[in-house]
Amino acid sequence: MATNRLTQEEIVRETVGFYNLNNRAAVEKNDLIGGYSTSKCEYITPDNRMCAVGRCLTEKGLERVMRKCPDDSADVVDQIVGLDNVLKKKYTGHNQLFWFRLQRLHDNKNFWDEKGLNDKGVTQVKDEFGVIL
């Protein structure tokens, strides 16, 4: 049985449609020394929110990533376990740079509001991926 693989544009559109400011798997942390907040993405949070790459992983793939490289970006995951080895079939076939850029879009809270992607995010998607929303 053939698996239909999604194009990069389809994955970008799916990701943009899925997330908003509050359901991203980015954990905001306040830096007590510097007095500013930072955002750290997690493949899966304690309340089961998943990052842009995490939601595309198979269940076994997520377990493998969490065991071998839970704090690493998509490019490092690709080097350690091979992204296509842990992604759901419909998401395979794209290079690690695409996943890195998609994750970067997800991680930046300045691109999101309560409804989804804001104007800055729409511009970023157009500039980064050539996708007009």
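Residues numbered from 1 in each chain as written. Predicted model: local features only at pLDDT ≥ 70, side-chain atom pairs only at ≥ 80, totals over all residues. Heavy atoms only, no water.

Colleague: Go over the packing of aromatic side chains, please, and point to the residues and values.
Modeller: Evaluated as defined, the whole model comprises 5 aromatic pairs. Plain terms: the ring middles of Phe-98 and Trp-99 are 5.1 Å apart, the flat faces sit at 75° to each other, and that makes the pair edge-to-face. Between the aromatic rings of Phe-98 and Phe-129, the centroid separation amounts to 5.9 Å while the plane-to-plane angle is 75°, which identifies the pairing as edge-to-face. Taken as a pair, Phe-98 in helix H5 (residues 96–107) and Phe-129 in helix H6 (residues 119–129) lie far apart in primary sequence, 31 residues in all. Both residues of the pair, Phe-98 and Phe-129, count as buried. (Phe/Tyr/Trp six-rings, centres within 6.5 Å; stacked < 30°, edge-to-face > 60°. Helix = DSSP H or I, 4+ residues; strand = E, 2+ residues; numbered from the N terminus. Buried < 20%, exposed > 50% of the residue type's maximum accessible area, 1.4 Å probe, protein only.)

Colleague: Would you mind going over the packing of H5 against H6 in detail, with residue names and values included?
Modeller: With their axes 11 Å apart at the nearest point, H5 and H6 run at an angle of 170° to one another. As far as their axial angle goes, H6 and H5 are roughly antiparallel. Mapping the contact onto sequence places Phe-98, Arg-101, Leu-102, Arg-104 and Leu-105 in H5 and Gly-121, Gln-124, Val-125, Glu-128 and Phe-129 in H6. Along the lines of polarity and charge, the residues of the contact of H5 with H6 split into 5 nonpolar, 2 polar and 3 charged. (Axes fitted to C-alpha atoms, helices over the stretch in contact; angles between N-to-C directions. Parallel < 35°, antiparallel > 145°, perpendicular 65-115°, else oblique. Contact = heavy atoms within 4.5 Å. Nonpolar A, V, L, I, M, F, W, Y, C, P; charged D, E, K, R; others polar.)

Colleague: Go over the environment of Met-66 with me, naming the residues and quoting the values.
Modeller: With respect to the helices and strands, Met-66 occurs in helix H2 (residues 59–68). Accessibility expressed as a relative area gives 32% for Met-66, which makes it partly exposed. Note: C-alpha distance between Met-66 and Ile-44 (22 residues apart in sequence) is 8.7 Å. For Met-66, the contacting residues outside a window of four places in its chain are Tyr-43 and Ile-44.

Colleague: Any details on the layout of surface pockets? Residues and values, ideally.
Modeller: Estimated volume of the largest pocket: approximately 210 Å³. Around the largest pocket, the lining comprises 15 residues; the ones closest to its centre are Cys-41, Asp-72, Ser-73, Gln-103 and Asp-107. Of all the secondary structure elements, the ones that give two or more residues to the lining of the largest pocket are strand E2 (37–41) and H5. Here the lining of the largest pocket takes 4 residues from H5, the largest share from any one element. (1 Å grid on protein atoms, 1.4 Å probe; cavity = no way out; pocket = protein on both sides within 12 Å on 5 of 7 lines; lining within 4 Å. Points joined across faces, edges and corners; volume = space filled by probe spheres on them.)

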